[in-house]
Amino acid sequence: MGHSDLMGQAEEVADQFLRVTKQYLPHVARLCLISTFLEDGVRMWFQWAEQREYISATWNCGWFLAACFVLINLLGQLGGCVLILSRNFVQYACFALFGIIALQTVAYSILWDVKFLMRNLALGGGLLLLLAESRGEGKSMFAGVPSLGENSPKQYMQLGGRVLLVLMFMTLLHFDLSLFTILQNLVGTALMVLVAVGFKTKLAALTLVVWLLCINFYFNAFWTVATYKPMHDFLKYDFFQTTSVIGGLLLLAALGPGGVSMDEKKNW
């Protein structure tokens, strides 16, 4: 059996999976995508005093401004999640969550930590895909009416979302000379490139979903660490951020790569 036969069979399996799950996969994708915001919003509620004191001490901004920061994070994240899950004002919810990402990047000094910055950018990529999906829904009421490039913003959002999503995988690359690590890096890099350029996108995205799921449940098993240990919170943060990127990839697999991709060019 040749390489092309194996690739063809893999694509057929991926297509069959997407056909069977097309009714509920986008809903699962959205739930996964907003999971990190949902978890962080709930944490802000239960750790209100700790978060307020941390921001107050870090920025020396006083009790009131620190409390405002925590309140904005709590309401912005939980409110945005409710709107996205209920399919109401999705674009406004996405912009609010973009704002939360930017705010936390500065407040928690993520800007200077390359790994966390790349993961936040990947999270933004998932939100871009969600924003592109909501634009598509908004225009569906005019189905059949010709459009002169009005979907271009949506296509470029999908391109930007794809490119940003792969940043997550760059943080998973390891630089040692063991055979397994080299093979893992080569396969991972190849899949990242396929997603970024939009070639065999659905198959590549689903493969990355499986890979990330395995890594997430193996390395980020926060439930195995006692809650009073700092490692519990670190693993929990990584777990839900990775779950959100998985949601972005599922959304990409369900909706396709968009017009600015090699998959679309093949159909011309």
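Our structure is the block above this text.
Residues numbered from 1 in each chain as written. Predicted model: local features only at pLDDT ≥ 70, side-chain atom pairs only at ≥ 80, totals over all residues. Heavy atoms only, no water.

A. Summary view of the overall build of the protein. Along the protein, the regular secondary structure elements total 13 helices and zero strands. In sequence order, the secondary structure elements of the protein are arranged as α-α-α-α-α-α-α-α-α-α-α-α-α. Scaling as 2.2 N^0.38, a compact globule of 268 residues should have a C-alpha radius of gyration of about 18 Å, and the protein matches this with 20 Å. Considering only C-alpha atoms, the protein reaches an extent of 65 × 55 × 30 Å along its principal axes. (Helix = DSSP H or I, 4+ residues; strand = E, 2+ residues; numbered from the N terminus. Rg over C-alpha atoms; globule rule 2.2 N^0.38 Å.)

B. Local environment of unusual backbone geometry. Despite not being glycine, Arg 87 has its phi angle at roughly 65 degrees, a positive value. Its place among the elements puts Arg 87 in the loop between helix H5 (62-86) and helix H6 (90-107). Note on Arg 87: relative accessible area 24%, which makes it partly exposed. Residue Lys 200 is not a glycine yet carries a positive backbone phi of 50 degrees. Within the element layout of this structure, Lys 200 appears in the loop between helix H10 (179-197) and helix H11 (201-219). (Buried < 20%, exposed > 50% of the residue type's maximum accessible area, 1.4 Å probe, protein only.)

C. Molecular detail of the packing of aromatic side chains. For the structure shown, the criterion picks out 12 aromatic pairs. With 5.8 Å between their ring centres and 25 degrees between their planes, Tyr 54 and Tyr 108 make a pair best called stacked. You can see Tyr 54 sitting in helix H4 (residues 48-59) and its partner Tyr 108 sitting in the loop between H6 and helix H7 (114-139), a full 54 residues away along the chain. Their ring planes at 55 degrees and their centres at 5.9 Å tell us that Phe 217 and Trp 223 sit as a pair that is tilted. These aromatic residues form a ring-pair network of at least three members: Phe 217, Phe 222, Trp 223, Phe 239 and Phe 240. (Phe/Tyr/Trp six-rings, centres within 6.5 Å; stacked < 30°, edge-to-face > 60°.)

D. Just the side chain of Asp 40, in detail. Position of Asp 40 relative to the elements: it lies in helix H3 (residues 35-46). Those residues in contact with Asp 40 that sit more than four places away from it in its chain are Gln 77 and Gln 104. (Contact = heavy atoms within 4.5 Å.)

E. Structural detail: the environment of Thr 105. Tracing the backbone through its elements, the reader meets Thr 105 in helix H6. In this structure the C-alpha to C-alpha distance between Thr 105 and Leu 121, which are 16 residues apart in sequence, comes to 9.9 Å.

F. Representation of H11 in the model. The end-to-end C-alpha distance of H11, which contains 19 residues, comes to 26 Å, matching closely the 27 Å that a straight helix rising 1.5 Å per residue would cover. Considered for burial, the residues of H11 that qualify are Thr 201, Leu 203, Ala 204, Ala 205, Leu 206, Leu 208, Val 209, Trp 211, Leu 212, Ile 215 and Asn 216. (Expected span 1.5 Å × (residues − 1).)

G. Quick look at the side chain of Ser 261. With respect to the element layout, Ser 261 can be found in the loop between helix H12 (230-255) and helix H13 (262-266). At 2.8 Å, the side chain of Ser 261 and the backbone oxygen of Gly 258 are in polar contact. Apart from residues lying up to four places away in sequence, Ser 261 is in contact with Arg 162, Val 197 and Gly 198. (Polar contact = N/O pair within 3.5 Å; in protein donor to acceptor, adjacent residues only side chain to side chain.)

H. Broad picture of H10. Look at H10: 27 Å from first C-alpha to last across 19 residues, which is about the 27 Å you get at 1.5 Å a residue. Where H10 is concerned, the buried positions are Thr 181, Asn 185, Gly 188, Leu 191, Met 192, Val 195 and Ala 196. Considered in projection along H10, the buried side chains sweep an arc of 140 degrees and stay on one side of the axis. Among the exposed residues of H10, those oriented more than 90 degrees off its buried face are Leu 179 and Leu 186. (Arc of directions from axis to C-beta.)

I. Structural context of the pattern of salt bridges. One pass over the structure, following the stated rule, counts eight salt bridges. Lys 200 is paired through a salt bridge with Glu 11; the nearest N and O atoms lie 2.9 Å apart. Of this pair, Lys 200 sits in the loop between H10 and H11 while Glu 11 sits in helix H1 (residues 3-21); the two residues are 189 residues apart in sequence, bridging distant segments of the chain. As a salt-bridge pair, Glu 133 and Arg 30 come within 2.6 Å of each other at their nearest N and O atoms. Here Arg 30 lies in helix H2 (residues 25-33) and Glu 133 lies in helix H7, a separation of 103 residues in the sequence. (Salt bridge = Lys/Arg side-chain N within 4 Å of Asp/Glu carboxyl O.)

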